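Residue strings, one per chain:
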Amino acid sequence: MQQTRELPRFTVIEYDENHFLETETNEVEDCLIFRDRPYMIWINVDCPRQVYSLEKLGACYGLHPLVLEDILTDQRPKVEDYEDYIFIVLKMLYYEEAEDDDEIGDFNIDMDQVSIIFGKNFIISFKEKDVDIFRPLRERLRTSKGRIRKQGADYLAYSMIDSIVDHYFVIMEKLGDRFEELEDSVVSNPEPGILPAIYNLKRDMLFLRKSVWPLREAISRMQRMDSHLISETTRIYLRDVYDHTIQVIENIETFRDMSASLLETYLSSLSNKLNEVIKLLTIISTIFIPLTFLSGLYGMNFTHMPELEHPYGYPAVLVLMLLVVAVMLAYFYRKKWI
Amino acid sequence: MQQTRELPRFTVIEYDENHFLETETNEVEDCLIFRDRPYMIWINVDCPRQVYSLEKLGACYGLHPLVLEDILTDQRPKVEDYEDYIFIVLKMLYYEEAEDDDEIGDFNIDMDQVSIIFGKNFIISFKEKDVDIFRPLRERLRTSKGRIRKQGADYLAYSMIDSIVDHYFVIMEKLGDRFEELEDSVVSNPEPGILPAIYNLKRDMLFLRKSVWPLREAISRMQRMDSHLISETTRIYLRDVYDHTIQVIENIETFRDMSASLLETYLSSLSNKLNEVIKLLTIISTIFIPLTFLSGLYGMNFTHMPELEHPYGYPAVLVLMLLVVAVMLAYFYRKKWI
Amino acid sequence: MQQTRELPRFTVIEYDENHFLETETNEVEDCLIFRDRPYMIWINVDCPRQVYSLEKLGACYGLHPLVLEDILTDQRPKVEDYEDYIFIVLKMLYYEEAEDDDEIGDFNIDMDQVSIIFGKNFIISFKEKDVDIFRPLRERLRTSKGRIRKQGADYLAYSMIDSIVDHYFVIMEKLGDRFEELEDSVVSNPEPGILPAIYNLKRDMLFLRKSVWPLREAISRMQRMDSHLISETTRIYLRDVYDHTIQVIENIETFRDMSASLLETYLSSLSNKLNEVIKLLTIISTIFIPLTFLSGLYGMNFTHMPELEHPYGYPAVLVLMLLVVAVMLAYFYRKKWI
Amino acid sequence: MQQTRELPRFTVIEYDENHFLETETNEVEDCLIFRDRPYMIWINVDCPRQVYSLEKLGACYGLHPLVLEDILTDQRPKVEDYEDYIFIVLKMLYYEEAEDDDEIGDFNIDMDQVSIIFGKNFIISFKEKDVDIFRPLRERLRTSKGRIRKQGADYLAYSMIDSIVDHYFVIMEKLGDRFEELEDSVVSNPEPGILPAIYNLKRDMLFLRKSVWPLREAISRMQRMDSHLISETTRIYLRDVYDHTIQVIENIETFRDMSASLLETYLSSLSNKLNEVIKLLTIISTIFIPLTFLSGLYGMNFTHMPELEHPYGYPAVLVLMLLVVAVMLAYFYRKKWI
Amino acid sequence: MQQTRELPRFTVIEYDENHFLETETNEVEDCLIFRDRPYMIWINVDCPRQVYSLEKLGACYGLHPLVLEDILTDQRPKVEDYEDYIFIVLKMLYYEEAEDDDEIGDFNIDMDQVSIIFGKNFIISFKEKDVDIFRPLRERLRTSKGRIRKQGADYLAYSMIDSIVDHYFVIMEKLGDRFEELEDSVVSNPEPGILPAIYNLKRDMLFLRKSVWPLREAISRMQRMDSHLISETTRIYLRDVYDHTIQVIENIETFRDMSASLLETYLSSLSNKLNEVIKLLTIISTIFIPLTFLSGLYGMNFTHMPELEHPYGYPAVLVLMLLVVAVMLAYFYRKKWI
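Thresholds applied
Residues numbered from 1 in each chain as written. Chains lettered and ligands numbered in written order. Predicted model: local features only at pLDDT ≥ 70, side-chain atom pairs only at ≥ 80, totals over all residues. Heavy atoms only, no water. UniProt positions renumbered as here; feature names shortened; annotations may be inferred. Least-squares fit on C-alpha atoms with pLDDT ≥ 70 in both. Contact = heavy atoms within 4.5 Å. Pairing = 2+ DSSP bridges. Helix = DSSP H or I, 4+ residues; strand = E, 2+ residues; numbered from the N terminus. Axes fitted to C-alpha atoms, helices over the stretch in contact; angles between N-to-C directions. Buried area = accessible area lost by both parts, 1.4 Å probe. Salt bridge = Lys/Arg side-chain N within 4 Å of Asp/Glu carboxyl O. Polar contact = N/O pair within 3.5 Å; in protein donor to acceptor, adjacent residues only side chain to side chain. Nonpolar A, V, L, I, M, F, W, Y, C, P; charged D, E, K, R; others polar. Parallel < 35°, antiparallel > 145°, perpendicular 65-115°, else oblique. Left-handed = near helix turned anticlockwise from the far one by under 90°. Disulfide = S-S within 2.5 Å. Buried < 20%, exposed > 50% of the residue type's maximum accessible area, 1.4 Å probe, protein only. Domains from an automatic or database assignment.

For chain A, an unreviewed UniProt entry supplies the name Magnesium transport protein CorA and the organism Methanothrix soehngenii. The UniProt entry for chain A carries this comment under Sequence similarities (unreviewed entry): "Belongs to the CorA metal ion transporter (MIT) (TC 1.A.35) family." UniProt's Function (unreviewed entry) comment on chain A is quoted here verbatim: "Mediates influx of magnesium ions."

Shown next as structure tokens:
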């Protein structure tokens, strides 16, 4: 479980094709001075739940009060156009290895809300957890002098979205592995522990789904957005990341379909097992109950029971019993029960 | 259970940036005099089922007969544009702690129809229950000299909708708690009482759903409405409250999906339990029925049964019985039943 | 069951704001004379399955052959614009108290096809059953000198639709009552008779649904219709009746959802009952089968069974039996079966 | 089963308001000579799987190679506009009485692909089976001098579609009859043979559905088609046949819903039956197993069993047994099992 | 399982109406020289996972970096318009006979991603597996001097898509065969092995579905694409292949519906079998358990049991037993259990 920091941390990167400056600070005031310099600026805010610094940033970059409110509260993925800037909300997902995988209570996908605001020459990103998901991106900015530095804020925003969507595939794969495990054991060994595991998996998928569906819609809207802030080049890249969200969604829907089938298969396996058990009970009962009756019959204490005195009485009964068994077995054999 | 008053009560607030006047009355005539004064006016009517005062208000503000009819009857949430004013119907939901939570009969979400009519410089709200849901709003009007007083009737209408939608999240949370309780007990302890509880929960969700789905549609239409009564600023706020309704809807749909899974899991748990019970029955029966037959066999009273006189007859039978038990146990062990 | 008349009956009302004339006749020729008089005319035809009079009317009012065919055959609700007139088909539903409510065969919603044709200054309505559903409307026309008489044929058509849709709520309520009855007994007393009752209810709902869904669509089309025959005023009233159909539809869909849940709940109740029965069987069997074996063991007739002669043999066996019972009961108690 | 002919057969009808000429031939060359004469011409081709004559016709009337290919292969219903002519594919359905109705293997709806091509003054129809489905139409052409002869090729095409769609209602009715039969026996007598019958019915409905859904779409497109080949008059008739397909579709969807309910009801009936059987087993077992134990107890051969010598021992045990029975019966009675 | 080659292989065909040249090479440089010659050129690349040659090709034909990335990674079927060229991704499916058909683990549909890029006078196709799916196409190019050589790159692209979609019908047919096999055995012989087979089939269908749904969408978009690269003639052919994808989709959906029914039927068959088994158990038990009790009763060792000494005691008991049996059989017969 990632820890949530008490104080916000600001990572500021100022760059253009030839310039690169990186600073880290805990004071919002240190960020504001970059406002009007002739470079692209990227401010990343970790743990932005401090209202004071948010308001400072908002005032400096002219953000709408609703945007600040949305950053602080739980939102579904969306893209909003405020003319001077575009506001994006996304969900970063982490997969955590649970200690005990079979219990229904463990919920091993962790979520982080990432908010991105970008305007003509600035981009501000907010995330709540202290996990450095943008490190590869920062690395690319720092080392490459090429494409990414030449492009505008919209391309950087795309890169952020892309790295988050790429991470969904990792989650998908983990879920796929768990799914296959279940698949194997459902038919071969349908034990009760599978039930909460299927339930758990379904819940995780719904969780994933709730993050991806609105994201798809948001990226689609962003792609068609009538805004000067998004260049034609970036739109082509957005189409690509849109395709990725569709791929994730299709996989989830397939998993959903399959997990419904899985549960049905599990239920059928249970029925099969039950049938087997009851068949055994029936076979044993229908063979021995008549025999027990026969033996009970000749265990009666009537004084006048001629069979009892007959010298072949006992063998005759034994033969009769064997006959009963043989008939029963033949019956079961014909019914394919044995 | 909130009581429904016999007589309507009118709360009239007259305000602008610098002026604030609040009156309360039971006579509709007292409200009409505010009609043409140069301030914003908000008339709140509690329990409007008195046709007389409704018609007075309607005549004074030029309301369509269908609007008056809709206020008096049960409507689904909607927004209608009558050029001079906009008519909104919403459902306020209250959650009531039921005394006995497991019974199928208790229906612990209570509903109140709220109707809002706003024009250029007036807003009239109607609600049936005597619960003062607009108190925080009135408070904000009274104290703040700022934004809310400067904005028009559309912003006040938005604030009303917003406070009602915010309350849905409270209901959602309560339902979520009940859901988690059920979730815990379904697998660990699938007792019959869970059944009506799941059913009850589903019904409550359908109830909530019926209020939120049309509301979403209504707000969306209001946002895109071609009316001079809704300012651009307010449209942005409406987009925000629209997002909230979507969030509520998504949560409900997730709950629906999960509660279907829950029922399936419960049914599977039942099947598992049944299998377990029948396995026990089968184990006991298949072990003891053959033994009982054997003992019955040597309880027969034939005069010629050589085994009976044999000195090792009894121990031999006992050994035979132990053998049968051992074979059976081995069989069950291999089948993983014990 | 309403009887279908042999001969058509024509009720002709001629009116304007100051004029009102009502005639009843069995001859179609009597109706045709009203064609070109300067009043609104409403001809109501009961049981129009007489081709001759239909064709007369059709020729007089210039109706398309397909319209005449549609009046005579079973149609789904629809609205069609023929420029000079508008053709509407609706379904009137009646609820009939069935004598034996639980049987699957009784189908207690009865249906009547109502066709309405209205032009500039005439309206012709056709219905098959001899139930006077338009009596309240005729009453309003006769008594009121006001609104309804001033409005055109479109408003009269709206009033007809409205009175039919209003009747759907009556049907809905009846179905709701039946539903609640079932709901109560499903959990408390899940007897087999509930099964056909649920099935029957579902069928009735599908029946109702088949009438309302296309009606909604038809009214919506009528509302947006580009026809000079429908005034702006009437369009507002149509929006109102449209809202009513939506309300009916939403209620039906909720019932559908709930009745699926109901069946699932019923099936779960059955499973619960089965589990209970089988538990009892298992408890009795697992307690008494070992005891029976024990008693059978000492009922064997071997000559050399030392326990039999032992003075404490009998009490020892009794104690052993008690022990077995105690162990079993403890086991069941721990399993929470008893 | 209709036989598929080896050789194609051409029925050529040449007509206008005053002229009527009907020829039948096996040679495609005989048809081509009618190409440029000043009459409407209708060529009907039975069993067109002879590529040679198709190509001749295609060359003569300027048909696209894909059209010829589509006529020869299995297509879904569709309408395609090739400017000079319109190409329609439909499915004619025949209902065949199966000899053994309950077996899952019998599939008693038979299908025939009908292709129609009509241009300015010609119409060509193709069908594979040798069933004369257009006989009534030919009859109307031959006898009536009126409407149908005056109208163009589009009206004739409409008449063909109409006669095929009308036949769907016959199929619907047959399926409805089978459905009602099943409905009756599901609750009264849920025997295993119903299972494949329901399955079979579902399959037939899916079959029907696959023919009607795309047809609906096709007719709707044809109605809105921007082609000079379809007159305004015919469009009104197409709207009528469109309504018929909707009616068929709605009936199918209702059947689908009902047959799902039917299966659920059947499964519930099975569960009910199972419960009943197991209740009987449990009642018998729980009554007699304790009694058997008691009798076994006093069948033991211990030498010291004081009860055995007591003069009232036997009657006392009998009374005890009666008591056990009474208690058990009372228990079952209170549980409402008996 | 097709092997994936290590090195890419390039098959280059240069052609126009009168010219035809075919080369095969492993070096990308050999392909680039054809760039500006006045013929149509088709480069087919097998196993393109070598980044180096892809980049060479990309530079030569001006391909977007995202296109190259998409060729190398797993994509869903799509069509993208890059003005100078159109980029198509498809899935080729192969059916592999599995050695053991019933196991859940075998997944016998194999997939190959085919990417097609075509511009004004070039077409480049990429596929990963070394299966020569375009051989018939190459053959047609080589032999025919006619249509296919005269048409542009768009027609060749259509031919590729067509040959891939045609192959889907083969897969469909194989799945249909497997489905019918299952159908036969579900009712006649519902053994547990069917369960994983149904599950497996469902999974294969979902797999097929995931390839065809987006393909349909892609072809539809291609058909309506506003690009000079696609001629009117080709659009008609695309409409045809679009119809084929719809046909595949409809078949899949029908299979899905049917396989859900199949599973339900299987579950019902299981229930029927269970009922049958339990009926047998109940019949045997309810007949013999009372008899056994009776015989146990007269096996008791009380000294005072008058019946035992009575000369007709034994026959009387036998008669009593027969009576019990007769009553029971009559009961079962009336219940239609035997």
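Engineer: Got a sec to walk through the relation of the copies chain A and chain B? Specific residues and values, please.
Structural biologist: Superposition of chain A onto chain B requires a rotation of 72 degrees combined with a translation of 0.0 Å along the rotation axis, giving an RMSD of 0.0 Å. Expressed as an axis order, the relation between the two copies is that of a five-fold axis. Among all C-alpha atoms of chain A, that of Gly299 of chain A lies closest to the rotation axis, at 4.7 Å. Comparing interface residues between copies, only 18% of those in chain A also sit at the interface in chain B, which points to a heterologous contact through distinct surfaces.

Engineer: Kindly report on the sheet that holds strand β4 (residues 78-81) of chain C, identifying the contributing residues and their values.
Structural biologist: Residue and element names in this part refer to chain C. Taken in spatial order, the seven strands of this open sheet run β2-β1-β3-β7-β6-β5-β4, and their pairing is mixed. Both edges of this open sheet fall to β2 (20-25) and β4, since each of them pairs with a single strand only. The average angle at which neighbouring strand axes cross in this sheet is 15 degrees, direction not considered.

Engineer: Which residues make up the interface of chain A and chain B, and what values do they have?
Structural biologist: Taken together, the 56 residues of chain A in the interface contact 54 residues of chain B. Of the roughly 4600 Å² buried between chain A and chain B, counting both surfaces, carbon and sulfur atoms make up 64%. Summed over the three residues of chain A that lose the most area to chain B, namely Arg76, Tyr199 and Tyr314 of chain A, the buried surface amounts to 16% of that side. Counting across the chain A and chain B interface gives seven salt bridges. Between Asp243 of chain B and Lys78 of chain A there is a salt bridge, and its shortest N-O distance comes to 2.9 Å. Here chain A is connected to chain B by 19 residue pairs in polar contact (both at pLDDT 80 or more). For the side of chain A that touches chain B, the secondary-structure elements that each account for two or more residues are α3 (65-72), β4 (78-81), α7 (194-224), α8 (232-297), α9 (306-309) and α10 (313-334) of chain A. By residue number, the principal contributor to the side of chain A that touches chain B is α8 of chain A, which donates 19 residues. Grouping the constituent residues of the side of chain A that touches chain B by class yields 31 nonpolar, nine polar and 16 charged.

Engineer: Explain the packing of helix α6 (residues 153-188) of chain E against helix α8 (residues 232-297) of chain E to me, using residue names and the numbers behind them.
Structural biologist: All names here are of chain E. Running from N to C, α6 and α8 point in directions that differ by 15 degrees, and their axes come no closer than 10 Å. By the angle between their axes, α6 is roughly parallel relative to α8. Crossing of α6 against α8: the hand is left-handed. Of the residues in the contact of α6 with α8, the class split is 20 nonpolar, nine polar and four charged.

Engineer: Please give an account of the state of the cysteines that cites residues and values.
Structural biologist: Taken as a whole and assessed by the stated rule, the structure comprises zero disulfides over all chains. No disulfide involves Cys31 of chain D; its nearest neighbouring cysteine sulfur is the one of Cys60 of chain D, lying 9.0 Å away.

Engineer: A description of the pattern of salt bridges should follow, citing residues and the corresponding values.
Structural biologist: Here the structure, examined in full by the defined rule, presents 118 salt bridges over all chains. Across the salt bridge formed by Lys78 of chain D and Asp70 of chain D, the nearest N and O atoms sit 2.7 Å from each other. Relative accessible area serves as the criterion here: at 1%, Asp70 of chain D is assigned to the buried category. Residues joined in a network through salt bridges with shared partners are Glu22, Asp132, Arg138, Glu139 and Arg142 of chain A.

Engineer: Which residues make up unusual backbone geometry, and what values do they have?
Structural biologist: Residues other than glycine predominantly adopt negative phi, and peptide bonds predominantly adopt the trans conformation. A positive phi angle is found at Glu83 of chain B, which is not glycine, with a value near 60 degrees. Along the chain, the position of Glu83 of chain B falls in the loop between β4 (78-81) and β5 (86-95). If you check the backbone angles, Lys336 of chain C has positive phi at about 65 degrees while not being a glycine. Locating Lys336 of chain C in the fold gives a position in the segment after α10 (313-334).

Engineer: Would you mind going over the relation of the copies chain C and chain D in detail, with residue names and values included?
Structural biologist: Overlaying chain C with chain D gives an RMSD of 0.1 Å, the required rotation being 72 degrees about an axis along which the chain moves by 0.0 Å. Mapped onto chain D, only 18% of the interface residues of chain C again fall at the interface, so the copies present different surfaces.

Engineer: Talk me through the domain arrangement of chain A; I want residue IDs and the actual numbers.
Structural biologist: All names here are of chain A. Each assigned domain of chain A is listed here: domain 1 (9-270) and domain 2 (271-334). Averaged C-alpha coordinates put domain 1 and domain 2 at centres separated by 72 Å. Counting residues at the interface gives five residues for domain 1 and four residues for domain 2. Between domain 1 and domain 2, roughly 320 Å² of surface is buried when both sides are summed, and carbon and sulfur atoms account for 39% of that area. On the domain 1 side of the contact with domain 2, Ser268, Ser269 and Leu270 bury the most area, a combined 75% of that side's loss.

Engineer: Please set out the interface of chain C and chain D residue by residue, giving values where relevant.
Structural biologist: Tallying the contact residues gives 56 residues for chain C and 53 residues for chain D. Counting the surface chain C buries against chain D, the share from its top three residues, Arg76, Tyr199 and Tyr314 of chain C, is 16%. Its salt-bridge partner being Glu183 of chain D, residue Arg203 of chain C comes within 3.1 Å of it at the nearest N-O pair. At the surface where chain C touches chain D, the tally comes to 20 residue pairs in polar contact (both at pLDDT 80 or more). Element by element, the count of residues in the side of chain C that touches chain D is highest for helix α8 (residues 232-297) of chain C, at 19 residues. Taken together, the residues that form the side of chain C that touches chain D break down as 31 nonpolar, nine polar and 16 charged.

Engineer: Could you give an account of the sheet that holds strand β5 (residues 86-95) of chain D, naming the residues involved and the relevant values?
Structural biologist: Residues and elements named next belong to chain D. If you trace the seven strands from one edge of the open sheet to the other, you get β2-β1-β3-β7-β6-β5-β4, paired in mixed fashion. One side of each edge strand has no neighbouring strand; the edge strands of this open sheet are β2 (20-25) and β4 (78-81). Sheet twist, expressed as the average angle between the axes of neighbouring strands with direction ignored, equals 15 degrees. Taken together, the ten bridges between β5 and strand β6 (residues 109-118) define a ladder with antiparallel strand orientation. Looking at the pairing, Ile86 lines up with Phe118 of β6. Packing against the sheet, helix α3 (residues 65-72) makes contact with β4, β5, β6 and β7 (122-127), and its axis sits at approximately 160 degrees to β6. Contacts between helix α6 (residues 153-188) and the sheet are confined to β1 (9-15), β3 (40-46), β5, β6 and β7, with β5 contributing the most and set at about 30 degrees to the helix.

Engineer: Please set out the arrangement of the chains residue by residue, giving values where relevant.
Structural biologist: Nowhere do chain A and chain C come into contact; their C-alpha atoms are at least 9 Å apart. Spatially, chain B and chain E are disjoint, and the shortest separation between their C-alpha atoms is 9 Å.

Engineer: Please give an account of the UniProt feature "transmembrane region" (unreviewed entry) in chain A that cites residues and values.
Structural biologist: All names here are of chain A. Here the UniProt feature "transmembrane region" (unreviewed entry) sits at residues 277-300 and 312-333. Within the segment residues 277-300, helix and strand shares are 88% and 0% respectively, and the terminal C-alpha atoms sit 34 Å apart. Helix and strand shares over residues 312-333 are 95% and 0% respectively, and the end C-alpha atoms of the span are 31 Å apart.

Engineer: Got a sec to walk through the environment of Ala157 of chain E? Specific residues and values, please.
Structural biologist: Take Ala157 of chain E: it is sitting in helix α6. Setting aside residues no more than four positions away along its own chain, Ala157 of chain E makes contact with Ile88, Ile116, Phe118 and Ile123 of chain E.

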